[in-house]
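# Coordinate inspection notes
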Amino acid sequence: MTTTLVQTQPDDAARKDRVSPSQMYHEIARIIERMHRRYLDVLRIELGRIGIDDISPVQVMMLLNISSGEISVRDLIERGYYLGSNASYNLKQLVDQGYVDRAASPRDKRAARLKLSARGTELCEQLRRMSTLHADALIRADGDMQDFEVTYKTLRRLERKWTDVIRSDESELL
């Protein structure tokens, strides 16, 4: 009795490991969700390192979205994709803890304008310095920078695509 061994060609093995674009698309969405949670964990750790315990990582994200200058509550909610009641609660906490100054809009007294207080600005500066350290640890060579840029561009394209899908679906409802 003779035994014949069938050797798998490298192309066959590569084909087995490949996933379809739709599988990748779904997996990317899952990875983004997990990465967002991990990033909040990183922020929690960084807050602990600098002795800040009166603010949550989600609230830090809001501070970073407010950044410099003034922004309306509505613009912050749209920019950060926060849920209304959640955003209201978190903004109240940020104002109460002294990270954000809130004032009525000069044009519309019903609308609030937000800007970072000195305390909020200092915290954002500390976190940006820490972000620079994290980024520098990821990017050690030119190839790393190219990979980072491709990832950034791909994620931005995906964000635009999802925004277009949402907008086109909303316009169909009108």
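Up top is the structure these notes are about.
Quick summary incoming for the structure in this document.

What counts, and where the lines are drawn
Here the residue index of a chain counts from 1 through its sequence in written order. Owing to the predicted nature of the model, reporting of local features is limited to residues with pLDDT of at least 70; listing and counting of side-chain atom pairs is limited to 80 or more, with chain, interface and lining totals taken over all residues. To obtain the side-chain values, all non-hydrogen atoms of the structure were included, while hydrogens and water were left out. Grouping into patches uses exposed residues only, defined as over 30% relative accessible area, and leaves out salt-bridged ones; the cut-off is 9 Å for like charges and 5 Å for nonpolar side chains (Val, Leu, Ile, Met, Phe, Trp, Tyr). Using a 1.4 Å probe, the Shrake-Rupley method yields the accessible areas, and only the shown protein chains count as cover for residues. Between Lys or Arg on one side and Asp or Glu on the other, a salt bridge is scored when a side-chain nitrogen of the former is within 4 Å of a carboxyl oxygen of the latter. A run of H or I in DSSP becomes a helix once it reaches four residues, and a run of E becomes a strand once it reaches two; helices and strands are each numbered from the N terminus. Exposure categories follow from relative accessible area, calculated using a 1.4 Å probe and restricted to protein chains: below 20% of the type maximum is buried, above 50% is exposed, and the middle band is partly exposed. Contacts are residue-level and defined by heavy atoms, with any inter-residue pair within 4.5 Å sufficient.

## Some details on a nonpolar patch on the surface
Residues Val19, Met24, Ile28, Ile32 and Leu155 make up a contiguous nonpolar surface patch of about 370 Å² in total accessible area. For the nonpolar patch, the element with the highest residue contribution is helix α2 (residues 21-49), accounting for three residues. Assignment of secondary structure puts isoleucine 32 in helix α2. The exposure class of isoleucine 32 is partly exposed, given its relative accessible area of 31%.

## Some details on the environment of valine 58
In this structure, valine 58 sits in helix α3 (residues 57-66). A C-alpha to C-alpha distance of 9.6 Å links valine 58 and alanine 87, two positions 29 residues apart in sequence. Those residues in contact with valine 58 that sit more than four places away from it in its chain are Leu40 and Asn90.

## Re the side chain of asparagine 90
Within the secondary structure, asparagine 90 sits in helix α5 (residues 84-96). Relative accessible area serves as the criterion here: at 8%, asparagine 90 is assigned to the buried category. Once residues within four sequence positions are removed from consideration, asparagine 90 is found in contact with Ser56, Val58, Gln59 and Met62.

## Some remarks on α3
All of the buried residues in α3 are Pro57, Gln59, Val60, Met62, Leu63 and Ile66. Positive backbone phi, approximately 55 degrees, marks serine 67, located one or two places after α3.

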